[in-house]
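Observations on the three-dimensional arrangement
Below are the chains, spelled out letter by letter.
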Amino acid sequence: MEDYKFVQIGKKKVCIRFGFNALRKFSLLTGMSLADFNKIGVDMSLDSALKLIYCGIEDGYRKAKQPNEIKSVDDLADLIDTDYEAIERCMDVLTEMLTPDAEKKKKAKKEKK
């Protein structure tokens with residue numbers, strides 16, 4: 001897994017990483033059990049999605065060893081108010097990081113074309 005990625009949210013470029021620590025923090029915030037992690041992203045509430053993205057951003061900045069200016073889920077929601085498509089971009093990073101083989105297959109298909 002890559003250490004972290006950058007995602008554009010509005011005018012801000014943020015570090016994001018969905019490693020085990022981010023998932024652990026998300027589990028603490030939501031009470032989601034390990035058995036339910038295969039359901040992440042399926043019929044997820046907006047609140048859960050924002051909490052998951054926030055945990056990923058916190059972990060991204062932690063791995064980058066940089067200060068995180070987004071101090072809460074509320075701050076993240078305010079930032080996303082300027083760029084609703086950022087939720088999809090962040091969830092794409094989640095998919096890439098949790099299923100690294102899917103990203104390799106995507107690249108292989110592009111190279112064949």
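Summary of the structure given here. (Residues numbered from 1 in each chain as written. Predicted model: local features only at pLDDT ≥ 70, side-chain atom pairs only at ≥ 80, totals over all residues. Heavy atoms only, no water.)

Notes on the nonpolar core
Counting 30 residues, the largest nonpolar core has Ile 9, Ile 16, Leu 52, Ile 57 and Leu 76 as the members making the most contacts within it. Going through the elements one at a time, strand 1 (5-9), strand 2 (12-16), helix 1 (20-30), helix 2 (46-64), helix 3 (73-80) and helix 4 (86-98) are the ones with two or more residues in this core. No other element matches the eight residues that helix 2 contributes to this core. Apart from residues no more than four positions distant in its own chain, Leu 76 is found in contact with Ile 9, Leu 50, Ile 53, Tyr 54, Ile 57 and Ile 70. (Core = buried A, V, L, I, M, F, W, Y, C linked by side-chain atoms within 4.5 Å. Buried < 20%, exposed > 50% of the residue type's maximum accessible area, 1.4 Å probe, protein only. Helix = DSSP H or I, 4+ residues; strand = E, 2+ residues; numbered from the N terminus. Contact = heavy atoms within 4.5 Å.)

Some words on the packing of helix 2 against helix 3
At a closest axis distance of 9 Å, the pairing of helix 2 and helix 3 adopts a crossing angle of 105°. Relative to helix 3, the element helix 2 lies roughly perpendicular. Across the interface between the two elements, Leu 50, Lys 51, Ile 53, Tyr 54 and Ile 57 of helix 2 pack against Val 73, Leu 76, Ala 77 and Ile 80 of helix 3. For the contact of helix 2 with helix 3, the class distribution of residues is eight nonpolar, no polar and one charged. (Axes fitted to C-alpha atoms, helices over the stretch in contact; angles between N-to-C directions. Parallel < 35°, antiparallel > 145°, perpendicular 65-115°, else oblique. Nonpolar A, V, L, I, M, F, W, Y, C, P; charged D, E, K, R; others polar.)

Here we look at the packing of aromatic side chains
Taken as a whole and assessed by the stated rule, the structure comprises one aromatic pair. Relative to Phe 6, the ring of Tyr 4 lies with its centre 5.6 Å away and its plane at 85°, an arrangement referred to as edge-to-face. Across from the ring centre of Phe 6, 5.2 Å away, lies the NZ or CZ of Lys 13, which sits over that ring. (Phe/Tyr/Trp six-rings, centres within 6.5 Å; stacked < 30°, edge-to-face > 60°. Lys NZ or Arg CZ within 6 Å of the ring centre and 35° of its normal.)

What to know about helix 2
The end-to-end C-alpha distance of helix 2, which contains 19 residues, comes to 27 Å, matching closely the 27 Å that a straight helix rising 1.5 Å per residue would cover. In the segment just after helix 2, Lys 65 is the residue with positive phi, at about 55°. (Expected span 1.5 Å × (residues − 1).)

Some thoughts on helix 4
Because an α-helix packs 3.6 residues into every turn, residues spaced three or four apart end up facing the same way. Under the 1.5 Å per step criterion, the end-to-end length of helix 4 is 18 Å for 13 residues, consistent within 8% with the ideal 18 Å. Taken together, the buried positions of helix 4 are Ala 86, Cys 90, Met 91, Val 93, Leu 94, Glu 96 and Met 97.

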